[in-house]
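Residues per chain are reported as follows:
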Amino acid sequence: MTLGVNIDHIATLREARAIYEPDPLEAVFIAKNAGAGQITLHLREDKRHIHDSDVKRIVQSSPLPVNIESALDEKIIDYLCALKPQRITLVPEKREEVTTEGGLDIESHYDSIRDTLKAFESAGIASALFIDPKKESIFLARELGADAVELHTGRYANLCLMAYSNLSRTHRCIKDMNLPLQEQVKEIEKCLMELRECANLATSSIDTRSLKCFAGHGLNYQNVAQIASIPHITELNIGHSIIARAVFVGLERAIIQMREAMCLK
Ligand code: PXP
């Protein structure tokens, strides 16, 4: 199991003051020392945190494999293909969202995804598709010849927050998940079942192609163990909760503690 540390929010903090610090590149070396297996960045179309120059410096200097998240944006994809990170993960993007809210709608963007995956293959870059844990999406990802899928754990994570944190008593309460605890627990179990089934399906060799299976979004120190223990999921990409804890304990300790929460030695 690999921990991919998403360092977007180091850049979010830098952008709050619009100067040069904290530098996301410095985070890469701290992450390596703390036992991270990969660095993940999202080069958003609006460049709200990570900028082109961050990606360039990080891809050129990182001692860890670099996984870049990108929307189906021709200009960004061309830029990334020229830089050749180890992997590009295609994600949906909406300008107004705070974070990536759902998985890719593969059916609606089938041709465009197919062409983009071909471009990655020609550039020698591994590919992943960020999808909701739905069987139809796994079948489409296999058909398209992606190398991997990353399963969106956002619904599971939000239900855990509503069931086990104080979120429901704050202005961030998620109204359609504000259910009695027993029902929230049932929904959490349902999410875990879907994630397990999708991980199984993605990695099984029912035809010649099997996919690698990763997961991420909203994972934190409290909810990660159940996802980390799902067979066939071999990588978790985690950002917000690690950077949030790093504010208090430092980035190195925050990553070490996340590895412990994932039961990694
Ligand atoms: N995986 C993907 C594809 C994402 O888009 C994100 C958010 O940028 C993450 C993982 C990390 O999510 P979080 O910051 O909630 O840990």
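To be clear, the structure that these remarks concern was listed above.
Read on for a plain summary of the structure. Computed from a predicted structure; not experimentally measured.

So, on to the packing of aromatic side chains. Per the stated rule, a full pass over the model turns up 0 aromatic pairs. A cation sits over an aromatic face here: arginine 245 above tyrosine 221, 3.6 Å from the ring centre.

The next thing to look at is the pattern of salt bridges. Taken as a whole and judged by the stated rule, the model has 11 salt bridges. Notably, a salt bridge pairs arginine 87 with glutamate 235, separated by 2.8 Å at the nearest N-O pair. Of this pair, arginine 87 sits in strand β4 (residues 87-90) while glutamate 235 sits in strand β8 (residues 233-238), and the two are 148 residues apart along the sequence. As far as the burial class goes, arginine 87 and glutamate 235 line up, both buried. When the shortest N-O distance is used, the salt bridge between glutamate 187 and arginine 155 registers 2.7 Å. Placement of the pair is glutamate 187 in helix α8 (residues 181-203) and arginine 155 in helix α7 (residues 154-164), with a sequence separation of 32 residues. Owing to a relative accessible area of 43%, arginine 155 belongs among the partly exposed residues under this scheme.

Right, let's talk about the site of the ligand for a bit. Among the 13 residues in the neighbourhood of the ligand, the closest are listed as Glu69, Glu150, Gly218, Gly239 and His240. Within the side chain of glutamate 69, one N or O atom sits 2.9 Å away from an oxygen atom of the ligand. Within the backbone of glycine 239, an N or O atom sits 2.8 Å from an oxygen atom of the ligand. About the coverage of the ligand: the protein hides 94% of its 400 Å² of free accessible area. Partitioning the shell around the ligand into residue classes produces 3 nonpolar, 7 polar and 3 charged.

Criteria and thresholds
Residues numbered from 1 in each chain as written. Predicted model: local features only at pLDDT ≥ 70, side-chain atom pairs only at ≥ 80, totals over all residues. Heavy atoms only, no water. Phe/Tyr/Trp six-rings, centres within 6.5 Å; stacked < 30°, edge-to-face > 60°. Lys NZ or Arg CZ within 6 Å of the ring centre and 35° of its normal. Salt bridge = Lys/Arg side-chain N within 4 Å of Asp/Glu carboxyl O. Helix = DSSP H or I, 4+ residues; strand = E, 2+ residues; numbered from the N terminus. Buried < 20%, exposed > 50% of the residue type's maximum accessible area, 1.4 Å probe, protein only. Near = heavy atom within 4 Å. Polar contact = N/O pair within 3.5 Å; in protein donor to acceptor, adjacent residues only side chain to side chain. Areas by Shrake-Rupley, 256 points an atom, 1.4 Å probe, with all protein chains shown as cover. Nonpolar A, V, L, I, M, F, W, Y, C, P; charged D, E, K, R; others polar.

This is a description of form; function is not addressed.
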